[in-house]
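Chain residues, written in single-letter form:
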Amino acid sequence: MPSSLLQTLRVILAAGALTWLVTGCGEERTDTVEDESRAQAPRIVVSIAPLAMLAREVAGPNSNIHTLISSGDPHQYAPRVADRAAMERASLLVWMGPAVESVMARQMALLPEEKQLTLLNAEEYELDGADQRDPHLWLRPRNAARMAAHIANRLAALDPIHADDYRQRARDFSRAMANLQKVQDRALWGYKDVPVVTTHLAYSQFFGPAGIKAESLSGSDNHQHGARTMLDQGRTGIGGNGDSERNRGCLFGEVPANDRDRQTAAHLGLGYRALDPLGRNLPEDAGYRQLMEKLLSDARQCLGQIVDRSIPESQAR
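Just so we're clear, the structure is a prediction, and the values are computed from it rather than from any experiment. (Residues numbered from 1 in each chain as written. Predicted model: local features only at pLDDT ≥ 70, side-chain atom pairs only at ≥ 80, totals over all residues. Heavy atoms only, no water.)

Visitor: Before we move on, could you go through the overall build of the protein chain and cite the residues and values that matter?
Guide: When you go through the protein chain residue by residue, the secondary structure sums to 11 helices and eight strands. The proportion of buried residues among the 317 residues of the protein chain is 45%. Pairs at least 24 apart in sequence give 60% of the contacts found in the protein chain among residues at least 6 apart. (Helix = DSSP H or I, 4+ residues; strand = E, 2+ residues; numbered from the N terminus. Buried < 20%, exposed > 50% of the residue type's maximum accessible area, 1.4 Å probe, protein only. Contact = heavy atoms within 4.5 Å.)

Visitor: Got a sec to walk through the packing of helix α2 (residues 49-59) against helix α6 (residues 163-189)? Specific residues and values, please.
Guide: Running from N to C, α2 and α6 cross one another at 120°; their axes reach a closest spacing of 7 Å. The angle between α2 and α6 falls in the class oblique. Residues L54, E57, V58 and A59 of α2 lie in contact with α6, whose contacting residues are Y166, R169, A170 and F173. Its residues assigned to classes, the contact of α2 with α6 shows six nonpolar, no polar and two charged. (Axes fitted to C-alpha atoms, helices over the stretch in contact; angles between N-to-C directions. Parallel < 35°, antiparallel > 145°, perpendicular 65-115°, else oblique. Nonpolar A, V, L, I, M, F, W, Y, C, P; charged D, E, K, R; others polar.)

Visitor: A description of the sheet that holds strand β2 (residues 64-69) should follow, citing residues and the corresponding values.
Guide: Taken together, four strands build an open sheet; the order of strands is β2-β1-β3-β4 and the sheet is parallel. Looking at which strands have only one partner, the edges of the open sheet turn out to be β2 and β4 (116-118). Taking the axes of each pair of neighbouring strands and ignoring which way they run, one obtains an average angle of 20° across the sheet. Sheet analysis places strand β3 (residues 92-95) next to β4, joined by three bridges and oriented parallel. Paired with W95 across the bridge in β4 is T118. Together, β1 (43-48), β2 and β3 form the strand contacts of helix α3 (residues 81-89), whose direction differs from that of β2 by roughly 140°. (Pairing = 2+ DSSP bridges.)

Visitor: Account for the pairing of strand β7 (residues 250-254), with residues named and values stated.
Guide: Across the five residues that make up β7, a large majority, five, are buried. As judged from the three bridges shared by strand β5 (residues 196-198) and β7, these two strands associate in the parallel manner. Looking at the pairing, V197 lines up with L251 of β7. Inspection of the sheet shows β7 paired to strand β8 (residues 271-275) by five bridges, in the parallel sense.

Visitor: Can you break down the environment of A105 residue by residue, with the values?
Guide: Take A105: it is sitting in helix α4 (residues 105-108). Along the chain, A105 and P79 lie 26 residues apart, while their C-alpha atoms are 10.0 Å from each other. Once residues lying within four places of it in the same chain are set aside, the contact partners of A105 are W95 and P98.

Visitor: Residue-level account of the pattern of salt bridges, with values.
Guide: For the structure on display, the rule yields 13 salt bridges. Between E124 and R146 there is a salt bridge, with its nearest N and O atoms 2.7 Å apart. You can see E124 sitting in the loop between β4 and α5 (141-158) and its partner R146 sitting in helix α5, a full 22 residues away along the chain. Ionic pairing is found between D131 and R133, a salt bridge with its closest N-O pair at 3.2 Å. (Salt bridge = Lys/Arg side-chain N within 4 Å of Asp/Glu carboxyl O.)

In structure tokens:
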């Protein structure tokens, strides 16, 4: 082989090896930086998936978040040994409070209060149109924005170097939630006079801002009065005109759908749909907007079968 050609091949091979080394080292370094950043980030432990969604909104892409309750009823959840260890190692524990995670409250009482953020104890939430006892505050986007702001403030105190980043993300999220609230309310407003019943006190924060009063079949005797009145009406057909061709309202339960709720809805003369307020059926990395868009889509699967009461009946036919 001529010496000039051999020399050229040596140069090409050397350049290729250098490129591989630089690229490979660069990728390894990037992964290492991301891992180190995640390891140094505050350890956030949250009770339920919606709170993990809000924490990710403000903590950023390299957040270190552990969700305790991935399945089952938050009211009945008791931390396992591994969960208790995660809670003890956490920089910040975010939960709603005993009204939602009632059994977990006993474990929380053993941990320092300064590392806890009990969101139901925070202030400045919107409750207009909702039952004041409904603790599912995350189902109203503007309240979710307030929760994100509370999380951002606590993270800023724990990690002052990134305080401005946390608060800026919270502000961006708040603006997005103001718009989402408007979209959600407009989509539901036409059904504000439609009978809506829920299997338990869970959705008044979701329906209330649009002027829809959700009557619950669970709770105190006083709280059940409106829903029980609907049960009586259901025996003759809700709406009082004997119209059995279309459902006159909706009953909403929680996933998974079940025959008991279907039978109750049929007895009431209502349509039936199971909703997913905890995002159990969403991908693990789903965001808060996806949660609310899925709830709205599922709710309208039932409500969409009802004549829009904002349109004159003659035009709706």
